[in-house]
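Single-letter residue listing:
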Amino acid sequence: MGVSLLLPPPGATHLELAATQRFVYPNLIDPVALPEYPPRLLPSRLPPVTVCVEVDIGEDGGVFAVRQRVDDACPRDASPQYAEFSASAIRAVQGWSYEPAYLCQAPAGFTGDDPCLADGMVERTTPLRLSYAFRFSQRDGEALVERVD
């Protein structure tokens, strides 16, 4: 898929896990629609544009909020067309869905390697926020949306 998962922005809340807990990331459910390069901008032959978004995922795996992310890792492009690329990214991500993220909690006294495999383990779904980066570019007149490394 042509998208990169980014580290959380500075100051983001991090989940502190006990030895009896393990966090399991959500999985995107296919099909996943990538943003569309705004068709009206194709003839302009613009240089590549990178857009970062933050997505809030609910306990059910549904997307309930998407917004542009702007910080040192995701600077805002000064081009007048940037808003169209950002809107395309937000529209696409709003349609995504995930298998929910969850926290495995092993019983007190668990000493194994994986709390998710413990007898008596309890799973609790949890909401979270992820950030993604998209690069919009053109190659030989063809629009591309690709992962930012």
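Criteria and thresholds
- Residues numbered from 1 in each chain as written.
- Predicted model: local features only at pLDDT ≥ 70, side-chain atom pairs only at ≥ 80, totals over all residues.
- Heavy atoms only, no water.
- Helix = DSSP H or I, 4+ residues; strand = E, 2+ residues; numbered from the N terminus.
- Rg over C-alpha atoms; globule rule 2.2 N^0.38 Å.
- Buried < 20%, exposed > 50% of the residue type's maximum accessible area, 1.4 Å probe, protein only.
- Contact = heavy atoms within 4.5 Å.
- Lys, Arg positive; Asp, Glu negative; His and termini not counted.
- Charge placed at Lys NZ, Arg CZ, Asp CG, Glu CD.
- Phe/Tyr/Trp six-rings, centres within 6.5 Å; stacked < 30°, edge-to-face > 60°.

Caption draft 1: Structural detail: the overall build of the chain. Counting secondary structure elements, the chain contains one helix and ten strands. Moving toward the C terminus, one meets the helices and strands of the chain in the order β-β-β-β-β-α-β-β-β-β-β. The C-alpha atoms of the chain give 19 Å as radius of gyration, which overshoots the globular expectation for 149 residues (15 Å, by more than 25%). The buried share of the chain, taken over its 149 residues, is 39%. In the chain, once contacts between residues fewer than 6 apart in sequence are set aside, the share between residues at least 24 apart is 73%. Between the averaged position of the 12 positive side-chain charges in the chain and that of its 20 negative side-chain charges there is a distance of 8 Å.

Caption draft 2: How the structure looks around the packing of aromatic side chains. According to the stated counting rule, one finds six aromatic pairs in the structure shown. Between Phe23 and Tyr25 the ring centres are 5.0 Å apart and the planes differ by 85°, which places this aromatic pair in the edge-to-face class. Tyr25 sits in the exposed class, given a relative accessible area of 52%. Taking the centre distance of 5.1 Å and the plane angle of 85° together, the rings of Tyr37 and Phe85 count as edge-to-face.

Caption draft 3: Highlighting the environment of Pro127. Along the polypeptide, Pro127 turns up in the loop between strand E8 (122-126) and strand E9 (128-139). Spatially, the C-alpha atoms of Pro127 and Gly61 are 7.8 Å apart, while their sequence positions differ by 66 residues. Setting aside residues no more than four positions away along its own chain, Pro127 makes contact with Ile57, Gly58 and Glu59.

Caption draft 4: Representation of the environment of Val51. Within the secondary structure, Val51 is located in strand E4 (residues 49-57). By relative accessible area, Val51 is classed as buried at 0%. In this structure, the C-alpha to C-alpha distance between Val51 and Ile90, residues 39 residues apart in sequence, is 9.5 Å. Those residues within four positions of Val51 in sequence are excluded, and the remaining contacts are Tyr82, Phe85, Ser86, Ala89, Tyr132, Ala133, Phe134 and Phe136.

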